[in-house]
Amino acid sequence: MEPDYTHYTYRELLEALESIDKEAYPERVKALELRLKTWSEETVLTAKRPNNNLIGSVAIFISMAYFTWLLFTEGIDKAKLFLAPFILVATPFTYLLQRRKYQRHKDDYLRLDKQGVSLKLGEAEHYLLWSNVRSVICSVNKSHQAYFFETHNSQHSCSFEAREFEIDEDAVFDFISQQSKKHNFDMKSD
């Protein structure tokens, strides 16, 4: 039974090619090499923002209300009593801010395909063709993975943070790397 490489990520394809016995399975090597060449042509990465912003704001509201109730019922010293009214006022304000942020970004999306990048953040929509991209700056650390696309026309440049979307961050990096090789633009990492 032959393995189905159509659902492999780019990194899984590379790992499979490195670990396969090339003499025993030459047809699998050819299939892997072909799939690696066509991976960025056939792959489409799409993602929306997660809907957990509303859940987070409800959690903030409940925890702040509970904390306020504890401060009023326990009332051990005057500092706590001074802090409780502040929290009571801040709780609905924080909840409303989180809810407004969620409403503004609930339709945001990211799409990477063989044509280019489609991105909607808030009211702004961007569509960049790979042929118009001059360079991509990738900033990766433990807390974020951000991309800034510079185009030949600076008015069409855009950026996004991959962790703001429900998407495989390694696949995003691999996909953009493949497109940079195919379309001859610089991909810089810091």
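Residues numbered from 1 in each chain as written. Predicted model: local features only at pLDDT ≥ 70, side-chain atom pairs only at ≥ 80, totals over all residues. Heavy atoms only, no water.

Trainee: Account for the sheet that holds strand β1 (residues 45-48), with residues named and values stated.
Mentor: Across the sheet, four strands lie side by side as β1-β2-β3-β4; this open sheet has antiparallel pairing. Each edge of the open sheet is held by one strand with a lone partner, namely β1 and β4 (124-129). Neighbour to neighbour, the strand axes of the sheet diverge by 5° on average, direction disregarded. Bridge analysis of strand β3 (residues 116-121) against β4 gives six bridges, and the strand direction is antiparallel. Note on β4: the bridge partner recorded for K120 is E125. (Pairing = 2+ DSSP bridges. Helix = DSSP H or I, 4+ residues; strand = E, 2+ residues; numbered from the N terminus. Axes fitted to C-alpha atoms, helices over the stretch in contact; angles between N-to-C directions.)

Trainee: Go over the pairing of β1 with me, naming the residues and quoting the values.
Mentor: Side chains of β1 alternate between two faces, with L45 and A47 buried and T46 and K48 left unburied. In this sheet, strand β2 (residues 109-112) lies alongside β1 in antiparallel orientation, the contact comprising four bridges. Residue pairing for β2: K48 is matched across the bridge by Y109. (Buried < 20%, exposed > 50% of the residue type's maximum accessible area, 1.4 Å probe, protein only.)

Trainee: Quick one: what's the story with the sheet that holds strand β6 (residues 145-151), residue by residue and with numbers?
Mentor: Strand order in the open sheet made by the four strands is β7-β6-β5-β8, with mixed pairing throughout. Bordering the open sheet on either side are β7 (158-161) and β8 (186-189), each of which pairs with just one other strand. Direction aside, neighbouring strands of the sheet carry axes that sit 15° apart on average. Bridge count between strand β5 (residues 133-140) and β6: seven bridges; the pairing is antiparallel. Following the sheet pairing, S135 is matched in β6 by E150. Along the sheet, helix α5 (residues 169-183) makes contact with β5, β6, β7 and β8, crossing β6 at roughly 25°. (Contact = heavy atoms within 4.5 Å.)

Trainee: So, the pairing of β3: which residues are in play, and what are the values?
Mentor: When a strand is regular, its side chains alternate between the sheet's two faces. Of all the six residues making up β3, five are buried; the element is thus mostly covered by neighbouring parts of the structure. Where β2 and β3 come together, four bridges link them in antiparallel fashion. Considered in β3, the bridge of L110 is made with L119. Where β2 folds back onto β3 in an antiparallel hairpin, the turn is made up of three residues.

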